[in-house]
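Reading the structure
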Amino acid sequence: MKNSFWSDAARCGAYVGLLLAASSVLETGAVLSGKMGLYAVVIFEWLAVVALHIYLLLRFTRRRSAFYAAEEGFSFGQGYGYVLAVSLPAGVILGVANYIFVHLVLGYERYVDKISDILSQFVSMSGAQNASLTMLVEQLQQTPEPSLLATIWSGIWSSLLFGAVFGLIVAGVSARAPQLFSDKGSDHE
């Protein structure tokens, strides 16, 4: 079963990727709605997704560690490598979903216009003319549309970064030292 490392990581990464993709679509839609009440919901949703993401990484890594006998143990490095391997396909799915939603469903120009409108509303709500926000809106409108590959790389990097940071905790919790002298096969009680 240990030789199915990549297929197991890909399957578990698909689950994590679907979670991240659904979250990204929900968050983008809520932000683009321009409704302040939904911004608060997005914060709680984001915190819940972070917690669920960590839980899934921990659950999948612990399940993976169960494939290793007590005599072998499951090292920190094995757990950390597994978290990163799960994060890779999750990032691909996230990137593809972001591209489809922003470029094909919403339309990139409409997306940029909506973000620009929201930022402009924040500038006008502050009552003062904020030059840095105004410059940000102008830069956003002048930025070329990212390609499919650039969007996928963005998803991969964000997922790998999350996995690299929180994978330290997950790998530490999932690691177990080899038990060379376990009572499993002993005749002595």
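Below, the structure is looked at part by part. Just so it is clear, the structure is predicted and the values come from calculations on it, not from any experiment.

Conventions used here
Residues numbered from 1 in each chain as written. Predicted model: local features only at pLDDT ≥ 70, side-chain atom pairs only at ≥ 80, totals over all residues. Heavy atoms only, no water. Helix = DSSP H or I, 4+ residues; strand = E, 2+ residues; numbered from the N terminus. Rg over C-alpha atoms; globule rule 2.2 N^0.38 Å. Contact = heavy atoms within 4.5 Å. Areas by Shrake-Rupley, 256 points an atom, 1.4 Å probe, with all protein chains shown as cover. Lys, Arg positive; Asp, Glu negative; His and termini not counted. Charge placed at Lys NZ, Arg CZ, Asp CG, Glu CD. Phe/Tyr/Trp six-rings, centres within 6.5 Å; stacked < 30°, edge-to-face > 60°. Expected span 1.5 Å × (residues − 1). Buried < 20%, exposed > 50% of the residue type's maximum accessible area, 1.4 Å probe, protein only. Axes fitted to C-alpha atoms, helices over the stretch in contact; angles between N-to-C directions. Parallel < 35°, antiparallel > 145°, perpendicular 65-115°, else oblique. Left-handed = near helix turned anticlockwise from the far one by under 90°. Nonpolar A, V, L, I, M, F, W, Y, C, P; charged D, E, K, R; others polar.

Moving on, we come to the overall build of the protein. Counting its regular elements, the protein contains five helices and zero strands. If you list the helices and strands of the protein from N to C, you get α-α-α-α-α. For the protein, whose C-alpha radius of gyration is 22 Å, the value lies well above the compact-globule estimate of 16 Å for 189 residues. Dimensions along the principal axes, computed over C-alpha positions, put the protein at roughly 80 × 30 × 25 Å. In the protein, once contacts between residues fewer than 6 apart in sequence are set aside, the share between residues at least 24 apart is 83%. Carbon together with sulfur atoms contributes 67% to the accessible area of the protein, which is approximately 11200 Å² in total. With 11 positive and 13 negative side-chain charges, the protein shows a spacing of 6 Å between the two charge centroids.

With that settled, the discussion passes to the packing of aromatic side chains. Per the stated rule, a full pass over the model turns up eight aromatic pairs. A ring pair is formed by Phe162 and Phe166, whose centres lie 4.5 Å apart and whose planes are at 35°; its orientation type is tilted. Here the residue Phe162 and the residue Phe166 both occupy positions in helix α5 (residues 148–174), the gap between them amounting to four residues, near one helical turn. By the ring-pair criterion, three or more aromatic residues cluster together here, those being Phe5, Trp6 and Tyr82.

Let us now look at helix α2 (residues 36–65). Taking 1.5 Å per residue, 30 residues should reach 44 Å; α2 reaches 44 Å between its end C-alpha atoms and fits that length. Taken residue by residue, α2 has Tyr39, Val42, Glu45, Val49, Val50, His53, Leu56, Leu57, Phe60, Thr61, Arg64 and Ser65 as its buried positions.

Viewed as axis vectors pointing N to C, α2 and α5 meet at an angle of 45°, and their least axial separation amounts to 10 Å. The angle between the axes of α2 and α5 places the two elements in the oblique class. The handedness of the crossing between α2 and α5 comes out as right-handed. For the pair α2 and α5, the contacting residues are Val50, His53, Ile54, Leu57, Leu58, Thr61, Arg62 and Ser65 in the first and Phe162, Phe166, Val170, Val173 and Ser174 in the second. Tallied by class, the residues present in the contact of α2 with α5 amount to eight nonpolar, four polar and one charged.

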